[in-house]
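Descriptive structure summary
What follows is the residue order along each chain.
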Amino acid sequence: MSVQLSVEAIQSRLSSASIGHRILYLPSVNSTMDVARREAEQGAPEGTVVVADEQTAGRGRFGRHWVSGSGQNLLFSVVLYPEQTALAGLNIIASVAALTAIQRTTALSPTLKWPNDILIAGKKMSGILIETAVQDGGVRYAVLGFGINVNFDPSQTPEIAESGTSLSKELGKQVSREALLEAILEELSTLYERLKAWATVRHRWEASLETLGSHVRVQWGDQVEEGVAEAVDPDGNLLLRRSDGTVVTLSGGDVASQG
Ligand code: BTN
């Protein structure tokens, strides 16, 4: 059974949230990723959500096909304009937002398969796809795509009959797509605000590192490395390019500039 979503109600409840204050609900699209990317190219507000009842060319990671019954599942993409330093966190917040919302609305206890598949009893019920557009070393936009098997019976679809499951299959009853969509967007808004705040701190730290670009000598205990301090990785480790061209990752040490 397919129940229409009332996105106006969700939008109005999320009107002051950073995500979900604008929702485009379409009956059928090729992929919500493509519609969201077009929206981003046209400068749509951050937090715009594109949700569809059906996708004719839904895609997963590594160019795989994403299968879904029409009007039964959640298929949506979110437009964001994150700083470069927030990119590494998007996958984590998207996974945790979906996981927490599923727990909140169904009382099921799903787990994650790295990096972002959501499983119940070892079977996949949700996948997340993140696509980014970059230009001149900066991020133009990122699109987070969520595919969640809600009221769908995967046993009717040979590709996922063995490996997939859905919330209704696990619970033995239908689940409100609307309540789940709202819960995910709410969780995602909260986590995205925290990620942005952290990314600003991280950006300030990195922008102030006068070490970057200089030739340095790093000593810890009786070990020494020399080279050009090229960059820092998402965990804050220093990436040092040695004179032979190789790069070493340093998590600590005393740094002295070599002029
Ligand atoms: C995966 O596990 O491979 C990720 C699957 C992501 C599927 C969703 S469905 C909504 C959005 N539109 C798409 O075409 N893909 C994502």
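Residues numbered from 1 in each chain as written. Predicted model: local features only at pLDDT ≥ 70, side-chain atom pairs only at ≥ 80, totals over all residues. Heavy atoms only, no water.

Attention now moves to the layout of surface pockets. Looking at the largest pocket, its volume works out to about 510 Å³. As for the largest pocket, its lining consists of 32 residues, of which Gly-60, His-65, Trp-66, Lys-124 and Gly-127 are closest to the centre. Taken together, the elements giving at least two residues each to the lining of the largest pocket come down to α2 (32–41), β3 (74–80), β6 (123–135) and β7 (138–148). Examining the composition of the lining of the largest pocket, we find that 6 residues originate from one element, β6, more than from any other. For the lining of the largest pocket, the class distribution of residues is 10 nonpolar, 15 polar and 7 charged. Forming the walls of the second largest pocket are 17 residues, and the residues nearest its centre are Gln-84, Thr-85, Ala-88, Arg-202 and Pro-234. Sorting the residues of the lining of the second largest pocket by element identifies α3 (87–106) and α5 (177–207) as the ones contributing at least two each. By residue class, the composition of the lining of the second largest pocket is 8 nonpolar, 4 polar and 5 charged. Taken domain by domain, the makeup of the lining of the second largest pocket includes at least three residues from each of domain 1 (8–207) and domain 2 (215–257). (1 Å grid on protein atoms, 1.4 Å probe; cavity = no way out; pocket = protein on both sides within 12 Å on 5 of 7 lines; lining within 4 Å. Points joined across faces, edges and corners; volume = space filled by probe spheres on them. Helix = DSSP H or I, 4+ residues; strand = E, 2+ residues; numbered from the N terminus. Nonpolar A, V, L, I, M, F, W, Y, C, P; charged D, E, K, R; others polar. Domains from an automatic or database assignment.)

This paragraph deals with the site of the ligand. For the ligand, the set of nearby residues contains 19 residues, the closest of which are Ser-31, Gln-55, Arg-59, Arg-61 and Lys-124. The backbone of Arg-61 places a nitrogen or oxygen atom 2.7 Å from an oxygen atom of the ligand. In this structure, an oxygen atom belonging to the ligand sits 2.6 Å away from a side-chain N or O atom of Lys-124. When the ligand sits alone it has 410 Å² of accessible area, and the protein chains cover 99% of it. Among the cavities detected, the one that contains the ligand is the largest pocket. (Near = heavy atom within 4 Å. Polar contact = N/O pair within 3.5 Å; in protein donor to acceptor, adjacent residues only side chain to side chain. Areas by Shrake-Rupley, 256 points an atom, 1.4 Å probe, with all protein chains shown as cover. Sits in = over half its atoms within 2 Å of the grid points.)

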